[in-house]
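# Coordinate inspection notes
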Amino acid sequence: MKYLPVLLFSLCLLPCSLNAQALDLSKGTELLEEIPQEKIFVHYNSSLLFSGEYMYYKLYNLQAETDQLSKTSKVAYIELLGEGGNTIFKHKILLKNGVGQGDFFIPTNVPSGNYKLLGYTNWMRNEGTFFAGDVAVINPYLGDQSAISADSEEDSLLIEGNSGVIRLKETSDAPVKIIVENDLFGKREKVNLKLEGAPGNYSLSIRKTDSINIPKKFTSEDFTQLFKNKNQNSSKDSVFVPEMRGNLISGRIVPQTSDAKPKLAGNKLAFSLPGEDYIFKVATTNNEGKFYINLDDRYDTSGALMQVLGEDAENWTIQLDPLPNINAPDLEFGKFHITPEMEEWILDRSVQNQIENAYYSVKPDTLKALEKKEPFYVRQPTVYDLDAYTRFETIKETFVEIIRFAWIATNKEESRIVVRQPQGATNYNLPTLLIVDGAMVQDHDLLITYPAKYVKSINILRDNIFYGSHIFAGIVDVKTIEGNFDEILNQDYIKKVDLKLPEPTKYYFKQTYGNQSAEQLSRIPDRRTQLFWAPSVELDLPAEDLEFYTSDVPGTFEVHLEGFTSTGKPVSVKKYIEVTAGEVR
């Protein structure tokens, strides 16, 4: 990990050269030599999906040479791309120890067709490499099926045979074994499953096999060989930096008028993500007016506020760089087709999906709650909960009668809130930092004229705050009762940004039967074809026990494990079970 100090030192010395998450080639060559390249493998639950179904996926971000999980990038991107270049979805995935997860519900406006699932990090863009897997979508609710219609009956992909399913040979010498008590189960029956073998990080999908040929998915083993055949992109004139600390936001400030030639370097730019657990950052611009901001915490609010600090804030326009994007002009899409013979099968699958979606409210997934964040200032402020005092009508009266360590200074042009600093503190003659509901407020009159009855609390921090390269003469941190003060921040110099939210971590619903809590589910139809999805299987013991329940859908189900051992060895294991419509003796 010797490259980590090199990268951090370089980013500290060269913040001014960052643009669209990139460094000039002359300044980034050393990083290319020091930092191992990455590659991404995506395990997704199926390469054939219908409208009304979920695509579940897990990303493994690996060091290209060792196949061990990479800790360099903290963000990855995954998107579903159509043959015409249209993007169906693009997700931002936060990586923890090299892995991340997400899902996508296929809506009824996505046309039938052949698609590519792409996965990459910003660091991978230097080599022009990315994961690309085939996905076919059938949307029976749209009349136009020309994108996947076979030209003739000879193009039919129906498989003849007793079960109508191609069953791949189960792996016997894999580092991890899937052990099931038997191969035949009845409807709504509990299945005990054991994973036994090498420690590592894995994901497990249990899904009904399709009775037709579907696009081939790469396994972790196939993918390892394929990646080494990728061609390096040698036409670059800059180096994309890895997002080592989280989401990287970059852009530049531009003068409002072409006549003025203001100083571009050294301007301070404030970033606020309002809310209960707000995020506040300050960035400094370079000689070209460029800046970058790292968001190293998870966030679930998309509406951010950005503003240049100082009296001339209205003289600047803030322009953001776009999200990282992979250039993939030469993709070869799959050739999945449907034929008239598949009509009954397609109809049956569609009905099953409609039934499942009708009862989704009683079988929902749940979001993993974000960890509560502490304020960016580490010292304990003086807290004034206004409900504990006699309330006054105005903020000015409140500061006079209640707030001990701050006052409102007024001149002909404006009023400002000033913090009374401790005795002996250095006076830098700088303004106090005012934050209301997590949003920085430069125009203090907006709070001073705000009705005091709507304010919940006022926190006062008297010490000078050295934040990044900026100093504030104390902090006034205000919370309103409704928490919506940012709605009145409509000044021209404030840029409102709709951030791309990272995908939340979910706990996926697990169907159970045979206990009191599951009694109500026993009367609800169960037409699941995806019986189980576990994106976070960390086998750190010799064995791990899992369990799931079959549904009312009979057929052959594939138990599919993908992942990598702790030493970087790829693991791809499949096992099959049968679910019968009758009783199992």
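Up top is the structure.
Quick caveat, the model's predicted, so the values are computed rather than measured.

Criteria and thresholds
Sequence order as written defines the numbering, with residues in each chain counted from 1. Restriction of local features to residues with pLDDT of at least 70 applies here, the model being predicted, together with a cutoff of 80 or more for giving and counting side-chain atom pairs; totals for whole chains, interfaces and linings are based on all residues. Side-chain measures were taken over the full set of non-hydrogen atoms in the model, leaving aside hydrogen atoms and water. In this scheme, patches are assembled from residues that exceed 30% relative accessible area and form no salt bridge. Like charges are connected within 9 Å, while nonpolar side chains (Val, Leu, Ile, Met, Phe, Trp, Tyr) are connected within 5 Å. Reported accessibility uses the Shrake-Rupley method at a 1.4 Å probe radius. Residues are deemed covered only where the shown protein chains occlude them. The term salt bridge refers to a pairing of a side-chain nitrogen on Lys or Arg with a carboxyl oxygen on Asp or Glu at a separation within 4 Å. Where helices and strands are cited, they refer to DSSP runs of H or I of at least four residues and of E of at least two residues respectively, numbered from the N terminus. To sort residues, take the accessible area from a 1.4 Å probe on protein chains only and compare it with the maximum for the residue type: under 20% means buried, over 50% means exposed, and anything in between is partly exposed. For two strands to be treated as a pair, DSSP must find no fewer than two bridges joining them. In this description, a line fitted to the C-alpha atoms serves as the axis of each element, helices being fitted only across the stretch in contact, and the angle between N-to-C directions of two axes falls anywhere from 0 to 180 degrees. By convention a nonpolar core is built from buried Ala, Val, Leu, Ile, Met, Phe, Trp, Tyr and Cys residues, the set being connected through side-chain atoms within 4.5 Å. Here a residue-residue contact requires only that any non-hydrogen atoms of the pair lie within 4.5 Å. Cavities and pockets were defined on a 1 Å grid built from protein atoms only: a cavity is a group of points that admits a 1.4 Å probe but offers it no way out, a pocket is an open group of points flanked by protein on both sides within 12 Å along at least five of seven lines, and a lining residue is one with an atom within 4 Å of any such point. Grid points are joined across faces, edges and corners, and a volume is the space filled by probe spheres set on the points. In this count, Pro and Cys sit with the nonpolar residues alongside Ala, Val, Leu, Ile, Met, Phe, Trp and Tyr, while Asp, Glu, Lys and Arg are called charged and the others, Gly among them, polar.

Nonpolar side chains collect at one region of the surface, where Tyr428, Leu430 and Phe466 lie side by side and expose about 290 Å² of accessible area between them. Residue placement: Tyr428 occurs in the loop between strand E24 (415–419) and strand E25 (433–436). By relative accessible area, Tyr428 is classed as partly exposed at 36%.

Let us now look at the sheet that holds strand E18 (residues 290–295). Overall, antiparallel pairing links the three strands, which are arranged E18-E15-E20 in an open sheet. Either end of the sheet is taken by a strand with one partner, and the two such strands are E18 and strand E20 (316–320). Taking each pair of neighbouring strands and ignoring which way they run, the sheet shows an average axis angle of 30°. Judged from the five bridges that link them, strand E15 (residues 247–255) and E20 form a sheet pairing that is antiparallel. Bridging across to E20, Pro255 finds its partner in Trp316.

Val42, Met55, Leu117 and Val135 are the most contacted members of the largest nonpolar core, which has 40 residues in total. Within the residue set of this core, elements represented by two or more residues are strand E2 (38–44), strand E4 (54–63), strand E5 (75–82), strand E6 (87–94), strand E7 (99–105), strand E8 (113–120) and strand E9 (131–138). Per element, the largest residue contribution to this core is six residues, and it comes from E5. What Leu117 contacts, discounting residues up to four positions off in sequence, is Val42, Tyr44, Met55, Ile78, Glu79, Leu80, Phe89, Phe131, Ala132, Gly133 and Val135. In this structure, Leu305, Tyr384, Leu386 and Ala452 belong to the second largest nonpolar core, which totals 31 residues.

What follows deals with empty space enclosed by the protein. Tallying each qualifying case throughout the model produces four cavities of 30 Å³ or more. One number sums up the size of the largest cavity: a volume of about 510 Å³. Looking at the lining of the largest cavity, the elements with two or more residues in it are E4, helix H4 (343–358) and strand E31 (530–539). With four residues, E31 is the largest single contributor of residues to the lining of the largest cavity. Tallied by class, the residues present in the lining of the largest cavity amount to eight nonpolar, seven polar and eight charged.

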